[in-house]
Amino acid sequence: MTDTDITTIGADWAAWQQSWDRQQEWYMPDREERFRIMLDMVEALVGPAPRVLDLACGTGSITARLFARFPKATSTGVDLDPALLAIAEGTFAGDDRVTFVTADLKDPEWQAKLPYDSYDAVLTATALHWLHSEPLAALYGQVAELVRDGGVFMNADHMIDDSTPRINAAERALRHARMDQAKSGVLDWAEWWQLAAEDPVLAGPTARRFEIYGEHADGDTPPAEWHARVLREKGFGEARPVWCSPSDTLLLALK
Ligand SMILES: C[S@@+](CC[C@H](N)C(=O)[O-])C[C@H]1O[C@@H](n2cnc3c(N)ncnc32)[C@H](O)[C@@H]1O
């Protein structure tokens with residue numbers, strides 16, 4: 001079966017989107033809040049009809065929320081995972097506001113696959129901790145070239161300050177205790193992928209994604225200050241957090 005066939009045989013893409021969201025929310029109960037603030041900042045800085053690059057888009061979570069709030073927006077989703085991209089393509093089939101691109105963000109030429117060379121906003125969530133700091137800094141240089149002057153980059157992700165180990169340990173312990181309490185009936189990462197592997201439509205792409213990544217890629221979680229400093233070094237004029245929780249930050253950089 002080809003990926004094109006997958007988008008046309010009618011799996012229940014809405015159900016896959018919902019189960020992906022529930023799985024991600026088990027790790028991040030404030031996930032919707034960070035998406036809301038991200039789109040608030042899009043509206044504030046580049047307006048309600050932006051051309052967006054949904055970086056490491058997965059199932060297209062950011063694009064879905066973008067279109068729900070700004071129907072005149074357009075989006076390019078880029079990711080490497082064939083199973084999550086199959087869900088994204090199935091979900092948005094026939095919607096000419098969005099294009100999905102398969103690319104490895106560690107590939108020095110990945111931007112050449114994009115349909116545009118300039119974006120109003122590049123948005124990403126819960127993804128760039130899959131990269132080590134060195135390739136992430138290189139990626140930030142490429143992102144700086146893709147964002148137009150006056151445009152924005154936003155990254156919502158796990159960002160850890162190693163200078164506060166006791167605070168970090170206490171926060172982590174509480175977060176994991178709450179996750180244990182909320183686990184009943186919720187699929188975790190491994191269980192969700194097991195379900196995808198058993199699905200007749202997603203089994204093939206899921207096998208391919210495990211060949212690409214294994215369970216999960218290794219990466220780093222540098223502090224928010226690191227992200228802001230590197231983004232400024234790579235060409236953004238301003239960069240700072242616009243939202244944070246005890247463990248995560250939404251970092252905004254303005255070109
Ligand atoms: C936890 S998912 C988050 C997806 C989506 N942004 C969301 O919030 O639901 C992380 C995503 O990063 C993507 N990713 C990780 N490393 C990547 C790489 N080197 N190139 C492209 N995508 C990558 C994965 O394939 C996955 O879709």
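Residue positions are counted from 1 within each chain, in the order its sequence is given. Reporting of local features is limited, given that this is a predicted model, to residues whose pLDDT is at least 70; pairs of side-chain atoms are given and counted only at 80 or more, and all residues count toward the totals for whole chains, interfaces and linings. The basis for every side-chain value is the complete set of heavy atoms in the structure, and neither hydrogens nor water enter the calculation.

Here we come to the packing of helix α8 (residues 189-198) against helix α9 (residues 203-213). Here α8 crosses α9 at 135°, and the two axes come no closer than 8 Å. As far as their axial angle goes, α9 and α8 are oblique. For the pair α8 and α9, contact is made by Trp189, Trp193, Ala196 and Ala197 and by Ala203, Thr206, Arg209 and Phe210, respectively. Considered class by class, the residues forming the contact of α8 with α9 number six nonpolar, one polar and one charged. Working convention: axes come from line fits to C-alpha atoms, limited for helices to the stretch in contact. Angles between N-to-C directions cover 0 to 180 degrees. Put simply, DSSP marks the helices as runs of H or I at least four residues long and the strands as runs of E at least two long, and each gets a number from the N terminus on. Every angle not falling under 35 degrees, over 145, or within 65 to 115 is termed oblique; those three ranges are roughly parallel, roughly antiparallel and roughly perpendicular. Throughout, a residue-residue contact means that at least one pair of heavy atoms, one from each residue, lies within 4.5 Å. All residues other than Ala, Val, Leu, Ile, Met, Phe, Trp, Tyr, Cys, Pro, Asp, Glu, Lys and Arg, Gly among them, are scored as polar; the first ten of these are nonpolar and the last four charged.

A separate point is the site of the ligand. Working definition: residue near molecule or strand if any one of its non-hydrogen atoms lies within 4 Å of it. Around the ligand, the structure places 21 residues, and the nearest of them are Arg31, Ser61, Asp79, Asp104 and Tyr213. Any pair of N or O atoms that falls within 3.5 Å is considered a polar contact. Within protein, one atom must be able to donate a hydrogen and the other to accept it, and sequence-neighbouring residues count only if both atoms are side-chain atoms. Between the ligand and Ala125 there is a distance of 3.0 Å, counted from a nitrogen atom to a backbone nitrogen or oxygen. Only the protein chains shown count as cover for residues, and all accessible areas are computed by the Shrake-Rupley method using a 1.4 Å probe. For the ligand, the accessible surface in isolation is 600 Å², of which the surrounding protein chains cover 98%. When contributions to the shell around the ligand are tallied by element, the ones reaching two or more residues are α2 (13-27) and α3 (31-46). In the shell around the ligand, the residues fall into 13 nonpolar, four polar and four charged.

Attention now goes to the pairing of strand β7 (residues 248-254). Three labels apply to residues, based on accessible area from a 1.4 Å probe with only protein chains included: buried if under 20% of the type maximum, exposed if over 50%, partly exposed otherwise in between. Summarising burial for β7: seven of the seven residues are buried, a large majority. In β7, alternate side chains face the same way, and those of Asp248, Leu250, Leu252 and Leu254 on one face and Thr249, Leu251 and Ala253 on the other are all buried. In short, DSSP must find at least two bridges between two strands for them to pair. The pairing of strand β5 (residues 147-158) with β7 spans seven bridges and is classified as antiparallel. When the bridges of β7 are listed, Met154 appears paired with Leu252. Across six bridges, strand β6 (residues 238-244) lies against β7 in antiparallel orientation. Within the sheet, the bridge partner assigned to Cys244 lies in β7 and is Thr249. Counted between consecutive antiparallel strands, the loop separating β6 from β7 contains three residues.

Below, the discussion takes up the pattern of salt bridges. Any carboxyl oxygen of Asp or Glu that lies within 4 Å of a side-chain nitrogen of Lys or Arg is treated as forming a salt bridge with it. The tally for this structure, following the rule as stated, stands at 16 salt bridges. Here Asp120 and Arg148 are joined by a salt bridge, their closest N and O atoms 2.6 Å apart. Note that Asp120 is positioned in strand β4 (residues 119-125) and Arg148 in strand β5, a separation of 28 residues in sequence. The exposure class assigned to Asp120 is buried, which follows from its relative accessible area of 17%. Residue classification places Arg148 among the partly exposed residues on the basis of a relative accessible area of 29%. One connected set of salt bridges, linked through shared partners, spans Asp21, Arg31, Glu32 and Arg65.

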